[in-house]
Amino acid sequence: MSVDERAPVLARTVSPPVLPARRPSPGPAKAVVVIAPFALTVALGLWGIRRQNTMWGDESVTYQLAHRDLSQIWHTAQHIDLVHALYYAVMHEVFGLFGGGLLTLRLPSVLAMSLAAAGVGLLGLRLAGPRAGLLAGLVFPLLPQVQKFAQEGRSYAMVCALVTWATYALVAGVSHRARWRWAVYGSTMLLACLLHEFAVLALLAHGVTLVVSRVPRPVLRAWAVAAAGVVAGLLPLAIYSAGQSEQVSWIGVPVRLEYFLVVAVVGVVCALAPLGVRGPIRLSVLALPILVLPGLLLLIASLVKPLFVDRYVLFSNIGIALLLGALMDYFHRRQLSSRIAWIAAVAVLASLVQPSLSLRTPQSRSNNVTAIAAAVREEGRPGDGLLYLSGRHRILTAANPEDTRFLTDLALAQDPVSSNTLAGVELPAQEIAARMLEFDRIVAVRAAGAHSSADPREEAKTSTLRRHFREYGTTHVNGARVTVYVMR
């Protein structure tokens with residue numbers, strides 16, 4: 001064989017083997033899925049975060065209690081608001097580090113909701129791919145309820161973030177079955193429940209997901225052990241806080257039920273599509289229970305005792321964000337007309353503009369304690385008497401004591417701080433009536449929608465005003481009315 005004839009054989013012998021094409025690294029995609037939702041949530045959270053430097057009643061309670069010592073917070077929790085004691089303790093430390101201003105009150109919620117958005121993105125990525133994860137993570141902060149509570153000095157954003165990451169730990173635990181993952185899941189869920197008891201409803205939704213997914217028995221057993229640990233850790237708080245159930249007596253009918261019903265129906269419709277499947281858990285089987293089940297259980301419980309408030313199940317928005325993100329990804333994969341997609345996207349964004357604007361106004365909350373206190377300051381004169389109808393509404397002006405410093409609180413026997421209460425301790429009915437008759441002018445604060453109480457103290461206040469005083473003028477503000485009475 002000649003040299004020329006051997007050349008092709010040698011060439012075939014020495015040519016390098018053909019390697020399979022390398023898949024693109026998931027690192028960049030995961031980074032985008034995390035960073036983009038996080039950044040969008042931060043931007044929306046900082047937009048109008050001050051709400052014209054106003055505060056509403058529940059935030060005022062956080063503000064007041066977080067400024068107390070930890071021992072005072074604990075003693076106060078023995079009387080009321082035990083379910084929020086851990087949150088107040090956390091905010092006390094935050095105030096100690098960064099100062100107790102309005103921004104410090106709300107920024108932890110912005111950060112928590114941003115972490116929740118990142119977690120939603122990762123859940124979508126794991127269950128349906130990078131595009132679905134990115135879309136779900138971007139949808140989440142656009143939801144009106146998420147925007148609202150991202151700017152509120154209460155525990156609900158933190159609970160939502162913890163439930164989100166517990167859900168991610170659940171999905172990871174099903175796939176990898178490492179014990180430490182279930183320990184992370186259980187501890188994260190327990191912390192969420194200690195911040196707000198109704199987070200335990202997410203635990204039930206997780207259980208339904210695992211049962212419907214028909215996961216192997218060892219996985220179901222691992223979840224059951226973790227769930228038992230969560231319930232055992234929560235049980236003491238649940239038992240002791242049951243004695244304070246009167247603090248939710250204000251719930252008459254389900255609060256903002258319409259939002260939950262609309263979102264639940266949309267979620268069910270989304271789940272009808274064959275959404276992305278990755279791993280042993282389908283996205284719709286995870287998202288639908290956490291969207292529907294917690295609110296549904298609260299509605300069923302409300303047949304016995306009204307308990308449904310939309311913010312109590314804020315974490316249900318995780319489900320609708322995942323479903324909407326996966327549905328948009330499904331449409332993209334089905335090559336839906338780009339023109340139709342753009343029209344739909346613009347229509348959705350346009351529908352969110354007005355709610356987004358209104359959520360950043362003082363009128364977006366059920367009351368405005370800043371305006372109430374300002375009305376008291378403007379209507380009152382130094383030396384006037386001050387009366388709260390009823391006494392528990394003293395918290396409406398307590399955030400800034402300067403607003404009422406020159407007025408005399410006629411019914412107060414012991415202030416809230418020294419009595420380890422939210423609204424202080426009031427005098428006996430006869431003493432309140434006697435003190436009222438010592439003043440020519442009384443400024444009365446009455447919360448909107450407040451009904452006459454059968455309490456003797458409240459009866460003494462109203463009867464004395466009716467018999468011995470006449471109404472001089474009333475100022476109506478968001479959540480209350482401030483009335484000046486003068487002696488007849």
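From a predicted model like this one, the values you see are computed outputs, not experimental measurements. Sequence order as written defines residue numbering, which begins from 1 separately in each chain. Totals for whole chains, interfaces and linings use all residues, but because this is a predicted model, local features are given only for residues with pLDDT of at least 70 and pairs of side-chain atoms are given and counted only at 80 or more. Where side-chain values are given, they derive from all heavy atoms of the structure, hydrogens and water being excluded.

Some remarks on the sheet that holds strand S6 (residues 469–477)
Two orientations exist for strands paired in a sheet by backbone hydrogen bonds: parallel and antiparallel. Pairing between strands is defined by DSSP: at least two bridges between them are needed. Elements are defined by DSSP. Helices are runs of H or I of four residues or more, strands are runs of E of two residues or more, and each kind is numbered from the N terminus. What the five strands build is an open sheet, ordered S2-S1-S5-S7-S6; its pairing is mixed. Each edge of the open sheet is held by one strand with a lone partner, namely strand S2 (408–409) and S6. Bridge analysis of S6 against strand S7 (residues 480–487) gives eight bridges, and the strand direction is antiparallel. Its bridge partner being in S7, Glu471 is matched across the sheet by Tyr485. Any two residues whose heavy atoms approach within 4.5 Å at even a single point are treated as in contact. Throughout, an axis means a line fitted to C-alpha atoms (over the contacting stretch in the case of helices), and angles, computed between N-to-C directions, take values from 0 to 180 degrees. In the packing of helix H17 (residues 369–379) onto the sheet, contacts are made with strand S1 (385–389), strand S5 (441–447), S6 and S7, and the angle to S7 comes to roughly 20 degrees.

Digging into the side chain of Arg311
Turning to its location among the elements, Arg311 is positioned in the loop between helix H14 (283–301) and helix H15 (317–333). Here Arg311 is in contact with Trp56, Asp58, Gln145, Phe149, Tyr156, Trp250 and Arg256, once residues within four sequence places are set aside.

Structural notes on the pattern of salt bridges
Should a side-chain nitrogen of Lys or Arg be within 4 Å of a carboxyl oxygen of Asp or Glu, the pair is scored as a salt bridge. Applying the stated criterion to the full structure yields 13 salt bridges. Asp310 serves as the salt-bridge partner of Arg256, at 3.0 Å between the closest nitrogen and oxygen. Taken as a pair, Arg256 in the loop between helix H12 (217–241) and helix H13 (257–271) and Asp310 in the loop between H14 and H15 lie far apart in primary sequence, 54 residues in all. Whether a residue is buried, partly exposed or exposed follows from its accessible area with a 1.4 Å probe, protein chains only, as a fraction of its type maximum: under 20%, in between, or over 50%, in that order. Relative accessible area serves as the criterion here: at 36%, Arg256 is assigned to the partly exposed category. Where Arg377 meets Asp403, a salt bridge forms, and the shortest distance between an N and an O atom there is 2.3 Å. Highlighted residues: Arg377 in helix H17 and Asp403 in the loop between S1 and S2, separated in sequence by 26 residues.

Focus on helix H11 (residues 200–213)
An α-helix turns once per 3.6 residues; consequently, residues spaced three or four apart project the same way. Given a rise of 1.5 Å per residue, 14 residues ought to cover 20 Å, and the 20 Å separating the end C-alpha atoms of H11 matches this to within 8%. Those residues of H11 that fall on the buried side of the exposure criterion are Leu201, Ala202, Leu203, Ala205, His206, Gly207, Thr209, Leu210 and Ser213. The span expected for a helix works out to 1.5 Å for each residue beyond the first.

Thoughts on the pairing of S1
Burial runs high along S1: five of the five residues are buried. Across the two faces of S1 the burial is the same, with Gly385, Leu387 and Leu389 and Leu386 and Tyr388 all buried.

Some remarks on the confidence of the model for the chain
Should the pLDDT be low somewhere, the predicted coordinates at that spot are not to be read in detail. For every residue, the pLDDT score states the predictor's confidence, bounded by 0 at the bottom and 100 at the top. Scored by pLDDT, the chain has a mean of 89; 92% of the residues are at 70 or more. The element-level mean pLDDT for the chain is lowest in helix H1 (residues 3–14), coming to 46, with helix H6 (residues 102–128) highest at 97. Across residues 7–24 the pLDDT falls below 50, and counting only partners more than four positions away or on other chains, this stretch makes zero contacts in the model.

Points about H6
In a regular helix each residue adds 1.5 Å, so 27 residues correspond to 39 Å; H6 covers 39 Å between its end C-alpha atoms and thus fits that length. With 22 of 27 residues buried, H6 lies mostly within the body of the structure. Of the residues trailing H6, Gly129 is marked for its positive phi of about 110 degrees.

Considerations on the side chain of Arg154
Relative to the elements of secondary structure, Arg154 occurs in the loop between helix H8 (144–149) and helix H9 (156–176). Positive charges are assigned to Lys and Arg, negative charges to Asp and Glu, while His and the chain termini are left out of the count. Buried charged residue Arg154 carries no salt bridge. Nearest counter-charge: Asp58, at 4.2 Å. Only 2.8 Å separates the side chain of Arg154 from the side chain of Thr62, close enough to count as a polar contact. Once residues lying within four places of it in the same chain are set aside, the contact partners of Arg154 are Asp58, Glu59, Val61, Thr62, Asp81, His84, Tyr87, Tyr88 and Ser109. Pairs of N or O atoms within 3.5 Å make up the polar contacts considered here, provided that, within protein, one atom can donate a hydrogen while the other can accept it, and that residues adjacent in sequence are counted only when both atoms are side-chain atoms.

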